[in-house]
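Observations on the model geometry
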Amino acid sequence: MDFELNDDQRAFQQTARDFAQQAMAPQAAHWDAEAVFPVDVLRQAGELGFMGLYAPETSGGLGLTRLDATLVFEELAAACPSTAAYITIHNMVAWMVGRFAQPEAAQRFGPPLARGEWLGSYCLTEPGAGSDAASLRTSARRDGEHYVLSGGKAFISGAGATDVLVVMARTGGPGAAGISAFVVDAQSEGIRYGRKEEKMGWNSQPTRQIAFDEVRVPANHLLGQEGEGFKIAMKGLDGGRINIGTCSVGAAQAALNAAQRYLRERQQFGRPLAEFQALQFKLADMATELVAARLMVRLAASKLDAADADATTYCAMAKRLATDLGFRVCNEALQLHGGYGYIREYPLERLLRDARVHQILEGTNEIMRVIIARRMLQDDATDTIR
């Protein structure tokens, strides 16, 4: 068991850190305040390969491991969790297209997605199908050489500003077995986008509902086979849960760094705050929890890279732990700043708002507990999760 990064991983990490600090950090507060979707910076990220980190090389991606990708995402999230989170969603779309699309569609959509020239959205959630994703009602009926999509999706990141949609729709009967997945041109006739949602955080990426009104999709845009869509969606979400946990770790690291600086600089009662033992203890707990969250995320990524039989469970564990602890570290860092933490001149309130939604999306943390407990209570689970 080797916890040290190799030279290549350190190079990825440093490149991402430099990009994040130069291209993202100086503008993150502006993007948040003005709800700017920074397409130009996303294109620059694409030039560095950050928009197709683990997409297959055959479709234009770098083909890196999920562990390697966490190193990049964490650095980006330390500068702007909202923008970094969108980049992780885009990476999931690029991977799904590269991994499951038929050759013609993979070559059409894969390379532009991996280069960041086209941006992607992941369309699973519906107004009536959130945690119970297998109950989705958007339909796709076969009509000759096309499928015809009808229905609607909700809470879709990037919707209205992206070029490619990966859409889960029902082609068969009820339940997970009746769901298929498609790659769809976002400008197809019959697609309508709702108003941009006003959100607590994640303001640098638009969120909208999408309506599909008899949208014709070429049959060869099917991902995998009919009826495999839910499995494909869940495979995407295993990686997505690692990704969003990583974004929480990055946000928490930025908050912890800010708290360290503030405790050294701020004086009260004639002494630097750093000399108060109660605050030292709080800082120590924050650092310990952050390291635990980071290692859990990297362990889950390693399990996914190794195609471990319990990878899904570890991904759920990592998502639950990292997003809960990441939010707590951000909240404690804000508390250490006192009133200054609550004003926008400092980054703490933005980091806190952006990190909060991570406990909800990619499967709520309550659903993560369900996944973990179900696995632990299976007959063959004794002594496997350790």
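The following refers to the structure shown. This one's a predicted model, so the numbers in the text were calculated from it and none came from an experiment.

About the cut-offs
Residue positions are counted from 1 within each chain, in the order its sequence is given. Totals for whole chains, interfaces and linings use all residues, but because this is a predicted model, local features are given only for residues with pLDDT of at least 70 and pairs of side-chain atoms are given and counted only at 80 or more. Heavy atoms throughout the structure, all of them, feed into the side-chain values; hydrogens and water do not. Runs of E in the DSSP output that reach at least two residues are strands. Runs of H or I that reach at least four are helices, and both are numbered from the N terminus. It is over C-alpha atoms that the radius of gyration is taken, and the globule rule equals 2.2 Å times the number of residues to the power 0.38. Each residue's exposure class comes from its accessible area (1.4 Å probe, protein chains only) as a fraction of the maximum for that residue type: buried when under 20%, exposed when over 50%, partly exposed otherwise. It only takes one pair of heavy atoms within 4.5 Å for two residues to be counted as in contact. Method for areas: the Shrake-Rupley scheme with a 1.4 Å probe, in which residue coverage is limited to the protein chains shown. Counted as positive: Lys and Arg. Counted as negative: Asp and Glu. His and the chain ends are not counted at all. Note on charges: their place is set at NZ of Lys, CZ of Arg, CG of Asp or CD of Glu. For our purposes a nonpolar core is just a set of buried Ala, Val, Leu, Ile, Met, Phe, Trp, Tyr and Cys residues, chained together by side-chain atoms within 4.5 Å. Think of a 1 Å grid over the protein atoms and nothing else: a 1.4 Å probe that fits but is trapped marks a cavity, an open set flanked by protein within 12 Å on at least five of seven lines marks a pocket, and residues with an atom within 4 Å of a point count as lining. Grid points are joined across faces, edges and corners, and a volume is the space filled by probe spheres set on the points. Under the grouping applied here, Gly and all other residues not named as nonpolar or charged are polar, the nonpolar ones being Ala, Val, Leu, Ile, Met, Phe, Trp, Tyr, Cys and Pro and the charged ones Asp, Glu, Lys and Arg. What counts as a salt bridge is simple: a side-chain nitrogen of Lys or Arg found within 4 Å of a carboxyl oxygen of Asp or Glu. When the centres of two rings from Phe, Tyr and Trp lie within 6.5 Å, Trp using its six-membered ring, the rings pair. Their planes under 30 degrees apart give stacked, over 60 give edge-to-face, and anything left gives tilted. For two strands to be treated as a pair, DSSP must find at least two bridges joining them. Within this analysis, patches are made of residues with over 30% relative accessible area and no salt bridge. Like charges are joined at 9 Å or less; nonpolar side chains (Val, Leu, Ile, Met, Phe, Trp, Tyr) at 5 Å or less. Note on geometry: axes are C-alpha line fits, over the in-contact stretch for helices, and angles between N-to-C directions span 0 to 180 degrees. The scheme is simple: roughly parallel for angles under 35 degrees, roughly antiparallel for over 145, roughly perpendicular for 65 to 115, oblique for anything else. By definition, any crossing whose near helix is turned counterclockwise from its far helix by less than a right angle is left-handed, and any crossing with a clockwise turn is right-handed.

With that settled, consider the overall build of the chain. Looking only at helices and strands, the chain has ten helices and ten strands in total. In terms of C-alpha radius of gyration, the chain reaches 21 Å, essentially the compact-globule figure of 21 Å for 386 residues. Each principal axis of the C-alpha atoms in the chain carries an extent, and together these give about 80 × 50 × 40 Å. For the chain, the residues scored as buried account for 54% of the 386 residues in total. Within the chain, contacts between residues at least 6 apart in sequence are counted, and of these 73% link residues at least 24 apart. In the form shown here, the chain has an accessible surface area of approximately 17000 Å², with 50% of it arising from carbon and sulfur atoms. In the chain, the 40 positive side-chain charges and the 46 negative ones have mean positions that sit 4 Å from each other.

Our next topic: the environment of Ala16. Structurally, Ala16 can be placed in helix 1 (residues 7-34). In this structure, the C-alpha to C-alpha distance between Ala16 and Leu71, residues 55 residues apart in sequence, is 8.1 Å. Every residue in contact with Ala16, bar those within four places of it in the chain, is listed here: Phe50, Val72, Glu75 and Leu76.

Let us now look at the nonpolar core. Met24, Leu76, Tyr122 and Met168 are the most contacted members of the largest nonpolar core, which has 63 residues in total. Among the elements of the structure, helix 1, helix 2 (39-47), helix 3 (66-79), helix 4 (81-100), helix 5 (103-115), strand 4 (164-170), strand 5 (179-185) and helix 6 (229-265) are those that each provide at least two residues to this core. At twelve residues, the largest contribution of residues to this core is made by helix 4. Sequence-distant contacts of Met168, defined by excluding residues within four places in its chain, comprise Tyr122, Cys123, Leu124, Leu136, Thr138, Lys153, Ile179, Ser180, Ala181, Gly229 and Ala233. Judged by nonpolar contacts, the second largest core, of 39 residues, contains Ala259, Ala301, Ala322 and Ala333.

As a further point, take empty space enclosed by the protein. Under the criterion given, the structure shown has one cavity of 30 Å³ or more. For the largest cavity, the calculated volume is near 40 Å³. Every residue along the wall of the largest cavity is listed here: Thr70, Leu71, Glu74, Thr246, Val249, Arg294, Val297 and Arg298. Elements that contribute at least two residues to the lining of the largest cavity include exactly helix 3, helix 6 and helix 7 (277-305). Tallied by class, residues from the lining of the largest cavity come to three nonpolar, two polar and three charged.

For the structure shown, the criterion picks out 21 salt bridges. The shortest N-O distance in the salt bridge between Arg328 and Glu289 comes to 2.5 Å. With Arg328 in helix 8 (residues 311-336) and Glu289 in helix 7, this pair connects stretches of sequence that are 39 residues apart. A salt bridge links Asp308 to Lys303; the nearest nitrogen and oxygen atoms lie 3.7 Å apart. Residue Asp308 is classed as partly exposed on the basis of its relative accessible area of 29%. Residue Lys303 is classed as partly exposed on the basis of its relative accessible area, which comes to 21%. Here the residues in one salt-bridge network are Asp32, Arg344, Glu349 and Arg353, joined through shared partners.

All told, the structure shown has eight aromatic pairs when counted by the stated rule. Between the aromatic rings of Trp95 and Phe100, the centroid separation amounts to 5.5 Å while the plane-to-plane angle is 85°, which identifies the pairing as edge-to-face. Overall, Trp95 belongs to the buried group, its relative accessible area being 12%. For the ring pair Tyr262 and Tyr340, a centre distance of 6.4 Å and an interplane angle of 55° mean the geometry is tilted.

Two strands pair when backbone bridges link them, and strand 2 (residues 139-143) and strand 3 (residues 146-157) are joined in this way by five bridges, in the antiparallel orientation. Directly across from Arg142, in strand 3, lies its bridge partner Tyr147.

Next up on the list: a nonpolar patch on the surface. On the surface, Phe3, Val291 and Leu295 cluster together to form a nonpolar patch covering roughly 280 Å² of accessible area. Tracing the chain through its elements places Phe3 in the segment before helix 1. You can call Phe3 exposed: its relative accessible area is 53%.

This part is about the packing of helix 7 against helix 8. The contact between helix 7 and helix 8 brings their axes to 8 Å, and the two run at 155°. By the angle between their directions, the pair helix 7 and helix 8 is classed as roughly antiparallel. Judged by the sense of rotation from one axis to the other, the crossing of helix 7 with helix 8 is left-handed. Looking at the contact of helix 7 with helix 8, its residues break down into 21 nonpolar, one polar and five charged.

Shape is all these values report; function is a separate question.
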